[in-house]
Each structure stands twice: as C-alpha cells, then as structure tokens.
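Structure at a glance
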Amino acid sequence: MSGEIQLEQLEKRFGDVLAVAGIDLEIPGGEFFTMLGPSGCGKTTTLRLIAGFERPDAGAIKLDGVDMSGTPPHKRRVNTVFQSYALFPHMTVAENVAFGLRYQKVSKADSDRRVKEAMDLVRLDRHSERRPSQLSGGQQQRVALARALVLEPPVLLLDEPLGALDARLRVDLQVELKRIQETLGITFVYVTHDQDEALTMSDRVAVMRDGHIEQSGPPQHIYEEPSTAFVADFLGSSNLVPVSIAGPDGEGAVLALGNFKLRAARRNGADAGEAVAMIRPERVRIEPHGADGENRLPGMVEEVVYLGFHQEMRVRLATGALVKVHVPNDGDAVEYEQGDPVAVHLPAAHVRILDPAPA
C-alpha cells in the first residue's frame, strides 16, 4: 500500500479556461502533501482529476506507477473527504462509517472491527449510536473522515475539509489530521487556501497560481525562501518593497531604495535592474529614531494594531514605502504610538531579492 502519485503534464480545460496547465508532480507514498492557493488557481480541479471526478484533456495520472487517467472513480484506490460532510441523517454514526463496506466483500466481524478501529482513530468511539444531528460540526467532520478511512485507501484526498468550522476548532483538527496521517502512514493530498493549515500539517506544500505550481517544497523552506513575490505574499505576511539592484555582494546584492542603500544576503530572483526586496514582518526591528548602521532607515509610525500575541506596527519609511512590523507582546517591547519617529532595521540576513511581480 504505497500510495505514490505521479502527475505528468496534466492539463484540464473548461471551455477557453485552462484550469490546470501542464502540471508535473511527484508525491511519495505516506506523505502529507498540500496544494495551497487562491480561488481559481486549479487546486481543487487537480484534486478532482486525481479522484476521477474529472477527465484530463492531456497528461497522465499514475497511482503506484499505473496510469489511472481513464479509470472511473470507484475503481481507483483513493477516497475523498469534502467540506460538506454528506452524512446520512437517518443512520447512526457507526452505520454512516460502515456504509462503504457494504460494497466490499468483508464479513460482518471484519466490518465491525474496521468500523471500531476507524472510530477509535478519530476519537468518536463513545458516539457510535448517535445521529449526525446530535453531533457538533467538528464531530460530523470526524465521522466523514472515519467513513473514508474505514475503506483503508492508500491515498486520501481532502478538499478544504475544515473550511466550514470555526477558527479554534480548525486548529484542533489540524493537529488531529496530522496525528491520524502519521499513525496510518498513508498519503494525504490536502487542498486549502488557508496558509496556517498548510504550514501546520504538511510535509510538503505546492503553492498554485493560474493552473500551475509556482513553488513546491517543505513549508519552512517555502516560507523562508520564496521564489516569487506571489509566493512570499500568499504564504505568510510579507513586506515587498520595490528596489533597484546597485551591484553584487557575494550571494546577495547591494540595493538602492531612494537615496538609501540596503544589503541583501541572498538573491532568489533578479540579478540586475528593478527588483523587489522581501522581508517578513517578524524579522524587522524597530529602534530609536536616529539609530544608524547597516540597513537602517528613518520612518514614522502610522498605525499600531493590537492582535493579542503580538502587535502589528505599520511604519512609513522616508522613501514612502510602507513596512509592517510584528512586535511580540512579551512585556519587554517599547510602546510606540501613531506619529512616533523611529529607525527601521531590515537585517541583511533576512532580506531576499525577488523578481518584480508581472504586470
């Protein structure tokens, strides 16, 4: 039960719209893989192609080396969990979980065992005789998950399954989903537009845009080393400041920002001409007005937003660029107010040079 997936030049059109634009992708068996992107980027269409709910116009979909492009959904060894739970209201939880086993040649004893194991896995063993209407939204999603897992598929496809839940419950179920995937060791392919879900659960993430994969890799690498301005802006909060490259500096470069010079330790894009300097808000430091040194620019606080575990400061640089700064609420931070003059430190080690976003 490997669950290895290979997509080769996968393409899907809807009329004149190219929804999936020649994707090449390999997902090893047992990986938690997330497709992340905005609405209309092609992530759900790609998932539906893997499931067999859509037929590709070109390319191959291989499961454990076998091309399944023309195979109907019920003959593919994959199961899908949707955002809508689609539970049978007249059945108990146990009956809902067992429903798919009716179409497999399993004995009643084996069916009962598998249902119990699936319900234990999602921690619903005490709710087997309840009806769906007697469960919370999170519990109903667990039933839908158990119903898919009881069939013991090597691949589980999840299409924004937490989208209808409240924020706190989503966080709890993110941890649960990762625990379940690691326990079973099967392949999870997860679709979401929520960056926190992608960062929390995934072994690897593919950030999608306009039907193609913009960048894929471990979530920490994509967050720290985005390859494009789109990826930097979509996965996490970022400051994207237009600059021009004044000259090389080892693996990085010297940048011109108005009358100021900055140094960046690494180039992830442009080598010359116009570029974008990217730095995450938590990497920016606020210092007293007049502080000097490398990569320090004068600015003025425009807004301070309290967000609980941190404050977001928005500082207008002397060049006109607006920079967001995340200041942790650790009790030691200096309090600033709107209109305060400050020095903004953009540490060179955390500045990345990217190509400008296409017009």
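In case you missed it, the structure is sitting above this.
Residues numbered from 1 in each chain as written. Predicted model: local features only at pLDDT ≥ 70, side-chain atom pairs only at ≥ 80, totals over all residues. Heavy atoms only, no water.

Considering the side chain of serine 202
Stated precisely, the cut-off is as follows: Numbering of helices and strands starts at the N terminus; helices are DSSP runs of H or I of at least 4 residues and strands are runs of E of at least 2. Residues adjacent in sequence count toward polar contacts only when both atoms are side-chain atoms; beyond that, a polar contact is any pair of N or O atoms within 3.5 Å, and within protein one must be able to donate a hydrogen and the other to accept it. The contact definition used throughout considers only heavy atoms, calling two residues in contact when any of these lie within 4.5 Å.
Positionally, serine 202 belongs in the loop between α6 (195-201) and β9 (204-209). A distance of 2.6 Å separates a polar atom in the side chain of serine 202 from a polar atom in the side chain of threonine 34. For serine 202, the side chain forms a polar contact with the main-chain oxygen of alanine 198, separated by 2.7 Å. Once residues lying within four places of it in the same chain are set aside, the contact partners of serine 202 are Phe32, Thr34, Glu197 and Pro219.

A word on the nonpolar core
Quick note on the threshold: Residues grouped as a nonpolar core are buried Ala, Val, Leu, Ile, Met, Phe, Trp, Tyr and Cys residues, joined through side-chain atoms within 4.5 Å. Summary of the burial criterion: residues with accessible area below 20% of their type's maximum are buried, those above 50% are exposed, and those between are partly exposed, where the area comes from a 1.4 Å probe applied to protein chains only.
Of all hydrophobic cores here, the largest spans 35 residues; its most connected members are Val97, Val115, Leu145, Leu156, Leu158, Leu177 and Phe188. Other than its neighbours up to four places away in sequence, leucine 158 contacts Leu47, Val81, Leu145, Leu177, Phe188, Val189, Tyr190 and Val191. Leu257, Ala275, Ala277 and Val342 belong to the second largest nonpolar core, which has 28 residues in total.

A closer look at empty space enclosed by the protein
This is how it is decided: Buried and open spaces are told apart on a 1 Å grid over the protein atoms alone, a cavity being a set of points where a 1.4 Å probe fits but cannot get out and a pocket being an open set with protein on both sides within 12 Å along at least five of seven lines. Residues with an atom within 4 Å of a point are the lining residues. Grid points are joined across faces, edges and corners, and a volume is the space filled by probe spheres set on the points.
Scanning the model with the defined rule gives 3 cavities of 30 Å³ or more in all. Its volume calculated, the largest cavity comes out at about 100 Å³. Surrounding the largest cavity, Val81, Val122, Gln141, Arg142, Leu145, Leu158, Pro161, Leu162, Leu173, Glu176, Leu177 and Ile180 form its lining. Residue assignment for the lining of the largest cavity shows that the elements contributing at least two residues are α4 (137-149) and α5 (167-184). At 4 residues, the largest contribution of residues to the lining of the largest cavity is made by α5.

Some points on the sheet that holds strand β2 (residues 17-27)
Defined as follows: A pair of strands is treated as paired once DSSP finds two or more bridges between them. To define axes, lines are fitted to C-alpha atoms, for helices over the stretch in contact only, and angles between the resulting N-to-C directions are given on a 0 to 180 degree scale.
Spatial ordering of the open sheet is given by β2-β1-β4-β5, a layout of 4 strands whose pairing is antiparallel. Here the strands that pair on one side only, and so sit at the sheet edges, are β2 and β5 (66-67). Here strand β1 (residues 5-14) pairs with β2 via 8 bridges, running antiparallel. Bridge pairing in β2 places glutamine 6 opposite glutamate 26. Here helix α1 (residues 43-51) sits on the sheet and contacts β1, β2 and β4 (58-63); the angle it forms with β1, its principal contact strand, is near 115°.

A look at the sheet that holds strand β3 (residues 32-36)
Pairing between sheet strands relies on hydrogen bonds along the backbone, with the strands arranged either parallel or antiparallel. Spatially, β6-β7-β8-β3-β9-β10 is the arrangement adopted by the 6 strands of the open sheet, whose pairing is mixed. Edge positions in the sheet fall to β6 (78-81) and β10 (212-217), since each of these pairs with one other strand and no more. Shown here is a sheet whose adjacent strand axes are inclined to one another by a mean of 20°, direction ignored. As defined by bridge partners, β3 adjoins strand β8 (residues 187-192) across 5 bridges and the pair is classed as parallel. Directly across from phenylalanine 33, in β8, lies its bridge partner valine 189. Across the sheet, α1 is in contact with β3, β6, β7 (155-159), β8 and β9; its angle to β7 comes to roughly 150°. Along the sheet, α4 contacts β6 and β7; its crossing angle with β6, the most-contacted strand, is approximately 175°.

Some remarks on the layout of surface pockets
Just so we agree on the cut-off: Think of it as three bins: nonpolar holds Ala, Val, Leu, Ile, Met, Phe, Trp, Tyr, Cys and Pro, charged holds Asp, Glu, Lys and Arg, and polar takes everything else, Gly as well.
As a volume, the largest pocket reaches approximately 730 Å³. Forming the walls of the largest pocket are 26 residues, and the residues nearest its centre are His74, Val78, Asn79, Gly100 and Leu151. Of all elements in the fold, only β6 and α4 reach the threshold of two or more residues within the lining of the largest pocket. Residue classes in the lining of the largest pocket are distributed as 15 nonpolar, 6 polar and 5 charged. Of the pockets and cavities examined, the second largest pocket occupies roughly 360 Å³. Lining of the second largest pocket is provided by 13 residues; of these, Asp196, Tyr223, Phe309, His310 and His326 occupy positions nearest its centre. At the level of elements, α6 and β19 (322-328) are the ones that each hand at least two residues to the lining of the second largest pocket. Each residue belonging to the lining of the second largest pocket can be placed in one class, and the counts come to 6 nonpolar, 5 polar and 2 charged.

What about the pairing of strand β11 (residues 239-249)?
In this structure, β11 lies alongside strand β15 (residues 273-279), joined through 7 bridges in antiparallel fashion. If you follow serine 244 over to β15, its bridge partner there is glutamate 274. Pairing analysis gives 5 bridges linking β11 to strand β12 (residues 252-257), with the strands arranged antiparallel. If you follow aspartate 249 over to β12, its bridge partner there is glycine 252.

Remarks on helix α3 (residues 108-121)
Test applied: In this scheme, a helix's expected span is set at 1.5 Å multiplied by one less than its residue total. It is the directions from the helix axis to the C-beta atoms whose arc is reported.
An ideal rise of 1.5 Å per residue puts 20 Å on 14 residues; α3 measures up with 20 Å between its terminal C-alpha atoms. Every buried residue of α3 is listed here: Ser111, Arg114, Val115, Ala118, Met119 and Leu121. Across the axial projection of α3, the buried residues extend over an arc of 155°, all falling on one side. In α3, the exposed positions angled more than 90 degrees off the buried face are occupied by Ala109 and Lys116. In this structure, the buried residues of α3 make contact with α2 (93-98), α4 and α5. Downstream of α3 by a residue or two, arginine 123 has a phi angle that is positive, lying close to 60°.

Topic: a negative patch on the surface
Applicable threshold: A patch consists of residues exposed above 30% relative accessible area that lack any salt bridge, with like charges linked at up to 9 Å and nonpolar side chains (Val, Leu, Ile, Met, Phe, Trp, Tyr) linked at up to 5 Å. Exposure was quantified through the Shrake-Rupley algorithm and a 1.4 Å probe, taking into account, for residues, occlusion by the shown protein chains and nothing else. Definition used for salt bridges: Asp or Glu carboxyl oxygen within 4 Å of a side-chain nitrogen of Lys or Arg. In this charge count, Lys and Arg are treated as positive and Asp and Glu as negative; neither His nor the chain ends contribute. Lys charges are placed at NZ, Arg charges at CZ, Asp charges at CG and Glu charges at CD.
On the surface, Glu4, Asp24, Glu26 and Asp64 cluster together into a patch of negative charge. The topology assignment puts aspartate 64 in the loop between β4 and β5.

Quick look at the side chain of threonine 92
The residue threonine 92 is located in the loop between β6 and α2 in this model. If sequence neighbours within four positions are ignored, threonine 92 has contacts with Ser128, Glu129, Arg130 and Arg131.

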